[in-house]
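The chain contents come next:
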Amino acid sequence: MTRILPQDHEHGFATRSVHAGQVVEPLAGAVMTPIYQTSTYVQEGLGKHRGYEYARTQNPTREALERNVASLEGATHGFAFGSGLAALDAVLKLFKSGDHIICGENVYGGSHRLMERIYGNLGLRVTFVDMRDVSNIERAATAATRMIYCETPTNPMMNLTDLAAVGDLAQAHGYLYVVDNTFATPYFQRPLEHGADIVLHSTTKYLNGHSDMVGGLLVTSRDDVAERLGFIQNAAGAVPGPMDCWLALRGIKTLPLRMRQHDASGRRIAEWLTRQQLVTKVYYPGLPSHPQHEIACRQMSGFGGMISLDLGDPGRARRLVEGTRIFVLAESLGGVESLIGHPASMTHASVPPAMRQAMGLTDSLVRLSCGVEDTDDLIADLDQAMRASE
Ligand SMILES: *Cc1c(COP(=O)(O)O)cnc(C)c1O
């Protein structure tokens with residue numbers, strides 16, 4: 001369990017991206033946090049050590065990453081995990097059989113699978129609701145409700161949840177309020193400021209930003225929650241290795257620069273897509289035509305590089321995702337390179353077809369993760385692939 005350093009709150013976001021949570025390395029004064037590739041630490045005598053005993057429990061590289069992300073989200077505690085789903089798994093371990101969770105219906109497919117198919121069997125009850133309308137949460141609540149779990153913007157429908165409205169509701173009823181902030185990142189949205197108790201990240205995505213590791217992170221400013229998460233992190237042991245922590249830490253140093261470029265391209269490409277005849281729908285919270293654009297402007301300071309589009313025809317969608325040359329056909333998102341995907345058969349294949357249809361996740365939906373390449377090149381690439389898909 002890692003507390004952030006006292007001075008970390010004093011600086012701007014970009015300064016903290018580069019420096020927060022990092023301490024001068026004592027042996028040589030290395031400017032970059034070393035990869036502490038060790039499983040254990042010398043003890044000078046029985047019970048005499050420097051606060052480090054065994055690397056599942058403490059690792060200095062991991063602690064630097066935990067403090068860094070905690071600082072960026074405005075939290076006081078951070079906990080790193082081996083993946084985003086391992087982070088969610090730790091959250092779910094806060095509960096017991098019979099407890100009830102209200103979850104956004106359009107969360108990441110793997111989050112849905114973990115709640116339903118693993119924790120459902122262990123007695124946790126989960127109701128999935130459309131969180132665009134906060135009253136759906138109130139209607140789903142029971143005496144056993146313990147947590148509200150939401151993702152905004154959602155993947156891949158780009159639906160928004162009014163973070164502050166849910167925060168008020170969670171506080172009024174004493175529900176734990178957890179937000180997956182993977183899409184927006186703390187650069188554009190900080191859920192703790194809207195009442196969230198825990199923020200979850202797949203660091204695999206924008207935080208690392210270079211598609212070269214898998215990791216997850218939880219942050220909180222609640223000491224009671226932090227104590228339990230720290231216990232679970234150590235007791236269940238789904239911790240990341242130091243090399244992956246170091247990669248994430250290095251990636252985060254350029255988070256503001258990357259997010260500004262993802263956002264600039266995202267806005268231009270979304271606008272361009274609205275003018276393409278073959279595109280029947282564009283889902284991007286930065287478009288004034290997005291039904292929740294007003295909420296987006298209120299709780300986000302930018303909209304990023306994730307865009308979904310519907311081509312109204314599954315064959316055309318297939319030809320588009322197979323026809324781009326710069327956009328690479330792949331799962332995942334948030335890297336410097338642009339990716340294109342087909343959610344129904346890829347990231348969301350584990351979501352039941354009826355539920356997919358109900359939320360508008362059709363077989364002709366295509367998802368873009370706009371990277372940091374030249375925007376003109378990205379548009380030209382989509383243009384040629386779209387023409388060829390006709
Ligand atoms: C990828 C992702 C996850 C899961 O993270 P992993 O690191 O793949 O385990 C959770 N939430 C969102 C929004 C994601 O995109």
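Of all five residues in strand S2 (residues 77–81), five are buried; the element is thus mostly enclosed. Every second residue of S2 is oriented toward a common face, with His 77, Phe 79 and Phe 81 on one face and Gly 78 and Ala 80 on the other, all of them buried. Where S2 and strand S8 (residues 216–220) come together, five bridges link them in antiparallel fashion. For Phe 79, the partnering residue across the bridge sits in S8 and is Leu 218.

One way to put it is that helix H12 (residues 314–323) packs onto helix H14 (residues 375–389) with a least axis distance of 8 Å and a crossing angle of 140°. For the element pair H12 / H14, the angle class is oblique. Both H12 and H14 take part in a crossing whose hand is right-handed. Between H12 and H14, the residues in contact are Arg 316, Arg 319, Leu 320 and Gly 323 and Leu 382, Gln 384, Ala 385, Met 386 and Ser 389, respectively. Here the residues of the contact of H12 with H14 sort into four nonpolar, three polar and two charged.

The next point concerns the pairing of strand S7 (residues 198–202). The side chains of a regular strand alternate, first on one face of the sheet and then on the other. Within S7, five of the five residues are buried, which leaves the element mostly enclosed by the surrounding structure. Taking every second residue as pointing to the same face, both faces of S7 are buried, with Ile 198, Leu 200 and Ser 202 on one and Val 199 and His 201 on the other. Where strand S6 (residues 176–180) meets S7, three bridges bridge the pair, whose relative direction is parallel. Each residue of the ladder has a partner; that of Asp 180, found in S7, is Leu 200. Inspection of the sheet shows S7 paired to S8 by five bridges, in the antiparallel sense. Paired with His 201 across the bridge in S8 is Leu 217.

The subject of this paragraph is the pattern of salt bridges. The tally for this structure, following the rule as stated, stands at 16 salt bridges. Linking Asp 89 and Lys 93 is a salt bridge whose minimum nitrogen-to-oxygen distance equals 2.3 Å. In this structure Asp 89 comes out as buried when scored by relative accessible area, which is 18%. On the accessibility criterion, Lys 93 (38% relative accessible area) is partly exposed. In this structure, a network of salt bridges that share partners links the residues Lys 96, Asp 99 and Arg 146.

Before going further, it helps to spend a moment on the site of the ligand. Around the ligand there are 13 residues in total, and Gly 84, Asp 180, Ser 202, Thr 204 and Lys 205 lie nearest to it. Out of a free accessible area of 380 Å², the ligand has 93% covered by protein chains. In terms of residue class, the shell around the ligand is made up of four nonpolar, six polar and three charged.

Before going further, it helps to examine the domain arrangement of the protein chain. One can read the domain layout of the protein chain as domain 1 (13–252) and domain 2 (255–388). Domain 1 and domain 2 are separated by 26 Å when their C-alpha centres are compared. Contacts between domain 1 and domain 2 engage 41 residues on the former and 43 residues on the latter. Surface buried jointly by domain 1 and domain 2 totals about 3400 Å² across both partners, of which 61% is contributed by carbon and sulfur atoms. The largest share of the area that domain 1 buries against domain 2 comes from Met 157, Phe 188 and Tyr 206, three residues that together contribute 24% of it. The interface formed by domain 1 and domain 2 holds one salt bridge in total. Measuring nitrogen to oxygen at the nearest pair gives 3.3 Å for the salt bridge that ties Arg 298 to Asp 162. At the level of elements, helix H1 (13–19), helix H4 (109–119), helix H7 (185–188) and helix H9 (242–252) are the ones that each hand at least two residues to the side of domain 1 that touches domain 2.

Conventions we followed
Residues numbered from 1 in each chain as written. Predicted model: local features only at pLDDT ≥ 70, side-chain atom pairs only at ≥ 80, totals over all residues. Heavy atoms only, no water. Buried < 20%, exposed > 50% of the residue type's maximum accessible area, 1.4 Å probe, protein only. Helix = DSSP H or I, 4+ residues; strand = E, 2+ residues; numbered from the N terminus. Pairing = 2+ DSSP bridges. Axes fitted to C-alpha atoms, helices over the stretch in contact; angles between N-to-C directions. Parallel < 35°, antiparallel > 145°, perpendicular 65-115°, else oblique. Left-handed = near helix turned anticlockwise from the far one by under 90°. Contact = heavy atoms within 4.5 Å. Nonpolar A, V, L, I, M, F, W, Y, C, P; charged D, E, K, R; others polar. Salt bridge = Lys/Arg side-chain N within 4 Å of Asp/Glu carboxyl O. Near = heavy atom within 4 Å. Areas by Shrake-Rupley, 256 points an atom, 1.4 Å probe, with all protein chains shown as cover. Domains from an automatic or database assignment. Buried area = accessible area lost by both parts, 1.4 Å probe.

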